[in-house]
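If you want the building blocks of each chain, they are given just below.
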Amino acid sequence: MRASSVNTAILELLGQEHTHLTAQAIYENIRERLPAVNPSTVYRALERLTHAGKISVSDMGSGAAVFELVSNKPHHHLVCQNCGKTMVLPHQSVAPYFDAIQAATGYKIYTNHLILFGCCPDCLALEKAQPEE
Ligand SMILES: [Zn+2]
Ligand SMILES: [Zn+2]
């Protein structure tokens, strides 16, 4: 098994799914295409691709880190800590704050995948409907 074919399979998978997958989910998917692959080959390839800046890794609160293609449009997420629902925030909605922080501090911000934890409107409504006694 050539490492480059595993890299290619990972990049194709993340590119086509346009989503965030755990290392486990990526391995299971790659195994369907390349039955001879073993998990450590996939995990090492994920590490290499992360260091090379081709994919990003984030903690979205599900307990397992998720991988995503870096060439996807920059975006951010809201994650409900109660039900686990996630919502995508386009970068434009956050960009003014980044600009203001950069102007105020002189930093150049490289963060391109913010994960904001909170409680979604549905869960807030449920909480209101069932007040604690
Ligand atoms: Zn994302
Ligand atoms: Zn929720």
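Predicted model, so just to flag it, every value in this text is computed and none were measured.

## Things to note about the overall build of the chain
Helix and strand content of the chain: five helices and six strands. Traced from its N-terminal end to its C-terminal end, the chain shows the element sequence α-β-α-α-β-β-β-β-α-β-α. A compact globule built from 133 residues should have a C-alpha radius of gyration of about 14 Å, whereas the chain, at 18 Å, is more than 25% larger. The principal-axis extent of the C-alpha atoms belonging to the chain is close to 55 × 45 × 20 Å. A buried classification covers 14% of the 133 residues belonging to the chain.

## Details of the nonpolar core
In this structure, Ile10, Ile26, Ile30, Val42, Leu46 and Phe67 are the most contacted members of the largest nonpolar core, which totals 16 residues. Elements that contribute at least two residues to this core include exactly α1 (3-17), α2 (23-33), α3 (39-51) and β3 (66-69). Discounting residues that sit within four places of it in the chain, Ile10 has contacts with Ile26, Ile30, Ala45, Leu46 and Leu49.

## Notes on the packing of α2 against α3
At a minimum axis separation of 10 Å, α2 and α3 run at an interaxial angle of 120°. The orientation of α2 relative to α3 falls into the category oblique. Where α2 crosses over α3, the two elements pack in a sense that is right-handed. Where α2 approaches α3, its residues Ala23, Ile26, Tyr27 and Ile30 are matched on the opposing element by Pro39, Val42, Tyr43 and Leu46. Its residues placed into classes, the contact of α2 with α3 shows eight nonpolar, no polar and no charged.

## Quick word on the confidence of the model for the chain
For the chain, per-residue confidence averages 88 on the pLDDT scale, and residues scoring 70 or more make up 92% of the total. Predicted confidence in the chain is weakest over α1, with a mean pLDDT of 87, and strongest over helix α4 (residues 95-105), with 95.

## Considering the domain arrangement of the chain
Quite often, the size of an interface is put as the accessible area lost when its parts meet. Parsing the chain into structural domains produces domain 1 (1-71) and domain 2 (73-133). The distance between the C-alpha centroids of domain 1 and domain 2 comes to 25 Å. Each partner contributes residues to the interface: domain 1 has six residues there, and domain 2 has eight residues. Residue composition of the side of domain 1 that touches domain 2, grouped by class: one nonpolar, four polar and one charged.

The rules behind these values
Residues numbered from 1 in each chain as written. Chains lettered and ligands numbered in written order. Predicted model: local features only at pLDDT ≥ 70, side-chain atom pairs only at ≥ 80, totals over all residues. Helix = DSSP H or I, 4+ residues; strand = E, 2+ residues; numbered from the N terminus. Rg over C-alpha atoms; globule rule 2.2 N^0.38 Å. Buried ≥ 20, exposed ≤ 12 C-beta atoms within 10 Å, placed from the backbone. Core = buried A, V, L, I, M, F, W, Y, C linked by C-beta atoms within 7 Å. Contact = placed C-beta atoms within 7 Å. Axes fitted to C-alpha atoms, helices over the stretch in contact; angles between N-to-C directions. Parallel < 35°, antiparallel > 145°, perpendicular 65-115°, else oblique. Left-handed = near helix turned anticlockwise from the far one by under 90°. Nonpolar A, V, L, I, M, F, W, Y, C, P; charged D, E, K, R; others polar. pLDDT = per-residue confidence, 0-100. Domains from an automatic or database assignment.

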